[in-house]
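Structural overview for review
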Amino acid sequence: MSQYSCLEIADLLVDFADDNLATAQRQAVAAHLADCPDCRRTLAALQQSLSLAQTLWEDAEGQIESRRGNSPVLPTRQPRNHGERNATLAFQFRRRVVLLAPVAIAAGLVLLLIGHRFWKPAITPHQPDMARKDASVQPLQPAGPQVPLISAVAWGTPPDNYEDPQTALTRIELDVDRAAQAAMVLAATDTCLADQPGCEDLAKDQYAFVATTYAGTEAATKARQRLESISERRTLQ
Amino acid sequence: MGTNRATTVNANQEHDQPEPDGPPGTGMVTAFLVQSKALRRIVAGMGFAPADADDILQDVYIEAARAGSGCQDPDQAARWLARVTVNRCLLEYRRRQRFTRAAGQILEDRAAISPKPPLPDELAARAEQLDAVRRAMQDLDESLLAPLALRYFSDMNATEISQIMDLPASTVRSRLREARLILARELADRGLEP
């Protein structure tokens, strides 16, 4: 007859399944299990549920890895759909304030430059004086054909590569965001290499990651240069 | 059930800062890079979707960068990073969806790369079991899921988990038992045990 009741066994079953019991306790639990089909079922369910949990964890890990392209470094931030964006807006805002305050200023300057480029033709090309006069000197239009203050002619037809301002803003934001991430990963890799020269293989992977994932950014160019310099150094050795 | 227990970990926000006397400091960014796989495993263990995992890891990276330089002990740095990651996960736990992939999809993906794919009826039965455990893990209190994932997915022992979660090792062990029995009961109650 078993020395444990089913209630007592329930407390020991997890440790039994994990092989964490002392020999005497293990033997006692085994003796109880031999006589108790309910506890045997619980033990089987413990083992099976852990195996299924492992499947879920491995799947979650695989999803994260595949999103990141198996790179060993930082997570890559991809554009999300609107639902996801809204769900994490507050979180994103806090993080971006920390990360992107300086680059937001730079983005503002870029926007100013773009605005300057679009507005300039409105008052300069064909009738600069007239346009200025229309805007400032003649608040009341005389009788006769109306001259728009900023005419469609002055804007001209949109160029082939025209982007509406909202799209341009989004694109610039993503570009700046991407460039900031690339610079951050590059800086982190440089720091890593400086701190631990033995980490050269890891650093090489990181540089390759930056060069491919963030192609077109300044950091990617620098990463390629660092990769070349590592390769050259190894060749010389 | 576990809300109060969860705040035990969350309330101590100082854990997200280097400890005043001899904390990790130096090379935390380097440590982050070295530990990045282990940290991703922690986040995956909590079941976050990839986009949310990215956000959490990015936050941990920023914390590491803020911690600056100074830590000489890689083990201490790894523990500190794990603690920050766990705390970040716990803070996000109720706001984000977890374990969202359908069981059938997970198993189909696995079957596609398996050398010996299961038969359709085996696949269906296993999908039912997996779905039961998936829902149980979605409902599991964070104070139970965190130690469960650290123990059985990140391969940490109770002592390591107790250091990371700032709990007595005995509490960790009892939470592990409770979590395991909840998952097992989910299968047994549905008559889905093997």
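See the structure shown above.
Residues numbered from 1 in each chain as written. Chains lettered and ligands numbered in written order. Predicted model: local features only at pLDDT ≥ 70, side-chain atom pairs only at ≥ 80, totals over all residues. Heavy atoms only, no water.

Observations concerning the overall build of chain A
When helices and strands are tallied, chain A shows ten helices and zero strands. Order of helices (α) and strands (β) in chain A, N terminus to C terminus: α-α-α-α-α-α-α-α-α-α. Counting across all 237 residues of chain A, residues that qualify as buried make up 34%. Taken as a whole, chain A presents about 14300 Å² of accessible surface, with 59% of it coming from carbon and sulfur. (Helix = DSSP H or I, 4+ residues; strand = E, 2+ residues; numbered from the N terminus. Buried < 20%, exposed > 50% of the residue type's maximum accessible area, 1.4 Å probe, protein only. Areas by Shrake-Rupley, 256 points an atom, 1.4 Å probe, with all protein chains shown as cover.)

Comments concerning the interface of chain A and chain B
The interface is formed by 57 residues belonging to chain A together with 50 residues belonging to chain B. Regarding the contact of chain A and chain B, the summed buried area is about 5000 Å², with carbon and sulfur atoms giving 63% of it. At the surface where chain A touches chain B, the tally comes to eight salt bridges. A salt bridge links D15 of chain A to R177 of chain B, with the shortest nitrogen-to-oxygen separation between them at 3.2 Å. Taken together, the links from chain A to chain B amount to 13 residue pairs in polar contact (both at pLDDT 80 or more). Elements supplying a minimum of two residues to the side of chain A that touches chain B: α1 (6-17), α3 (37-67), α5 (89-123) and α8 (165-195) of chain A. If one sorts the elements of the side of chain A that touches chain B by residue count, α3 of chain A sits on top with 24 residues. (Contact = heavy atoms within 4.5 Å. Buried area = accessible area lost by both parts, 1.4 Å probe. Salt bridge = Lys/Arg side-chain N within 4 Å of Asp/Glu carboxyl O. Polar contact = N/O pair within 3.5 Å; in protein donor to acceptor, adjacent residues only side chain to side chain.)

Observations regarding the nonpolar core
W57 of chain A together with L81, M137 and M165 of chain B are the most contacted members of the largest nonpolar core, which totals 85 residues. No other element matches the eleven residues that α3 of chain A contributes to this core. Core analysis: the second largest hydrophobic core is formed by 14 residues, V185, Y207, Y214 and I230 of chain A among them. (Core = buried A, V, L, I, M, F, W, Y, C linked by side-chain atoms within 4.5 Å.)

Looking at the packing of aromatic side chains
The tally for this structure, following the rule as stated, stands at three aromatic pairs over all chains. Ring centres of F209 of chain A and Y214 of chain A lie 6.0 Å apart, and the angle between their planes is 90°; on these two criteria the pair is classed as edge-to-face. For Y214 of chain A, a relative accessible area of 3% puts it in the buried group. The ring of F153 of chain B has R41 of chain B lying over it, and the distance from NZ or CZ to the ring centre is 4.0 Å. Positioned over the ring face of Y93 of chain B is R98 of chain B, at 3.7 Å from the centre of the ring. (Phe/Tyr/Trp six-rings, centres within 6.5 Å; stacked < 30°, edge-to-face > 60°. Lys NZ or Arg CZ within 6 Å of the ring centre and 35° of its normal.)

Observations concerning the environment of I164 of chain B
Residues and elements named next belong to chain B. With respect to the helices, strands and loops of the structure, I164 is situated in helix α8 (residues 158-165). Taking relative accessible area as the criterion, I164 reaches 4% and is therefore assigned buried. Each C-alpha atom, one on I164 and one on A78, is 9.9 Å from the other, the two residues being 86 residues apart in sequence.

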